[in-house]
Amino acid sequence: MNRTLLTPAGTEWHLENVVHKLTLRAGLPGARVYDLAADALRASRAAGLSREHRLALALPGSWMVNSPAISRVMRRWALEPVRRSLLAIMQLVEDGPDGWRDETATRAQVLARLLPTLGDEPYILEAVSKVLALLAPELVPLLPAPALAFLLGADAPADAASLARVLDCFAAWSIELEDDLAGVAAELGRAGLPPLDPAQVLDRLLWFDSEGHRHFTTKSPAPLA
């Protein structure tokens, strides 16, 4: 898979050596366990597990990819009234790319109202993205600061407006590149890696290209694709 995307910041993002990069990523313990948790939550939703129960599982699961949220923040998120806000945010994103694109303006407005209710910690956007990426993996990417800057530019604020901009582009890209991304996911699955949605392939590549490459040496194996 070799494609080039134009980010909202106006820079080119070259999608290349994707299987190789995501194979390296999957070797990290937290990454593999996080992907397994996302797959289990996907199955639990299909089986009818309530939104409330899935949220309870996703909160601690988000720590597997270095969520900056401390336990006191997680406890606050598990209690009313913040829990109610998180459940409402789940509803905004769990319809996937099509659902988001059908009501982008309305959902972005609601998101702008709800996100500040989660707290005033400077890392709220990153922390909530790592929860939502378990609950709505077909749309929401993980957004640590390097990933946000990679997509929106170094000056982009970590707020609801930025999250909405990221969801806009991820929804469009996931639909446009669905076949290519699904092909990568299938190849990774044949190699024994956890199942991924097309959008998850793009998200994991975003992490690798924005910061994850620093975890690996130049002696890594030659690219597979």
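Refer to the structure above for everything that follows.
**Looking at the pairing of strand 1 (residues 3–6)**
Bridge count for strand 1 against strand 2 (residues 12–15) is 4 bridges, and the pairing is antiparallel. Looking at strand 2, one finds that L6 is bridged to E12. Turn length for the strand 1-strand 2 hairpin, with the two strands adjacent in sequence and antiparallel, is 5 residues, and the turn residue G10 shows positive phi of about 90 degrees.

**Focus on the nonpolar core**
W13, W77, L118 and L151 are the most contacted members of the largest nonpolar core, which has 70 residues in total. The residues contacting W77, other than those within four sequence positions of it, are L59, V82, R83, L86, L118, I124, A127, V128 and V131.

**Topic: helix 1 (residues 18–26)**
Each α-helix winds once per 3.6 residues, and so residues spaced three or four apart point in a common direction. In terms of burial, helix 1 is a largely internal element, 8 of the 9 residues being buried. If you check which residues of helix 1 are buried, you get V18, V19, H20, K21, L22, L24, R25 and A26. On the buried face of helix 1, the contacting elements are strand 2, helix 2 (29–46), helix 11 (178–190) and helix 12 (198–210).

**Details of the side chain of E94**
By the secondary structure assignment, E94 is in the loop between helix 5 (82–93) and helix 6 (96–102). Using a relative accessible area of 8% as the deciding quantity, one classes E94 as buried. Of note is the side chain of E94, whose polar atom sits 2.3 Å from the side chain of R51. If we ignore the near neighbours within four places in the chain, the residues touching E94 are R45, R51, R54, A136 and E138.

**Some points on a negative patch on the surface**
A surface patch of like charges, here negative, comprises D98, D102, E178 and D179. Residue assignment for the negative patch shows that the elements contributing at least two residues are helix 6 and helix 11. Examined against the element boundaries, D102 turns out to sit in helix 6. Assessed through its relative accessible area of 65%, D102 is described here as exposed.

**Looking at the environment of G30**
Relative to the assigned elements, G30 resides in helix 2. In this structure G30 touches M64 and V65, once residues within four positions along its chain are discounted.

**Points about the packing of helix 11 against helix 12**
Two elements in contact, helix 11 and helix 12, have axes separated by 8 Å at closest approach and are oriented at 80 degrees. One way to sum up the angle between helix 11 and helix 12 is to call them roughly perpendicular. Of the residues in helix 12, those touching helix 11 at E178, L181, A182, V184 and A185 are P198, V201 and L202. A per-class count over the contact of helix 11 with helix 12 returns 7 nonpolar, no polar and 1 charged.

**Focus on the packing of aromatic side chains**
Inspection of the entire model under this criterion finds 5 aromatic pairs. Note on W13 and W173: the rings are 5.8 Å apart at their centroids and 70 degrees apart in plane angle, and the pair reads as edge-to-face. Highlighted residues: W13 in strand 2 and W173 in helix 10 (residues 160–176), separated in sequence by 160 residues. A single burial state applies to W13 and to W173, both of which are buried. Arranged with centres 6.4 Å apart and planes meeting at 75 degrees, the rings of W207 and F208 form a pair that is edge-to-face. The exposure class of F208 is buried, given its relative accessible area of 7%. Aromatic ring contacts, followed pair by pair, group W13, F150, F170 and W173 into a single cluster.

Thresholds applied
Residues numbered from 1 in each chain as written. Predicted model: local features only at pLDDT ≥ 70, side-chain atom pairs only at ≥ 80, totals over all residues. Heavy atoms only, no water. Pairing = 2+ DSSP bridges. Helix = DSSP H or I, 4+ residues; strand = E, 2+ residues; numbered from the N terminus. Core = buried A, V, L, I, M, F, W, Y, C linked by side-chain atoms within 4.5 Å. Buried < 20%, exposed > 50% of the residue type's maximum accessible area, 1.4 Å probe, protein only. Contact = heavy atoms within 4.5 Å. Polar contact = N/O pair within 3.5 Å; in protein donor to acceptor, adjacent residues only side chain to side chain. Patch = residues over 30% accessible without salt bridge, like charges linked within 9 Å, V, L, I, M, F, W, Y side chains within 5 Å. Areas by Shrake-Rupley, 256 points an atom, 1.4 Å probe, with all protein chains shown as cover. Salt bridge = Lys/Arg side-chain N within 4 Å of Asp/Glu carboxyl O. Lys, Arg positive; Asp, Glu negative; His and termini not counted. Charge placed at Lys NZ, Arg CZ, Asp CG, Glu CD. Axes fitted to C-alpha atoms, helices over the stretch in contact; angles between N-to-C directions. Parallel < 35°, antiparallel > 145°, perpendicular 65-115°, else oblique. Nonpolar A, V, L, I, M, F, W, Y, C, P; charged D, E, K, R; others polar. Phe/Tyr/Trp six-rings, centres within 6.5 Å; stacked < 30°, edge-to-face > 60°.

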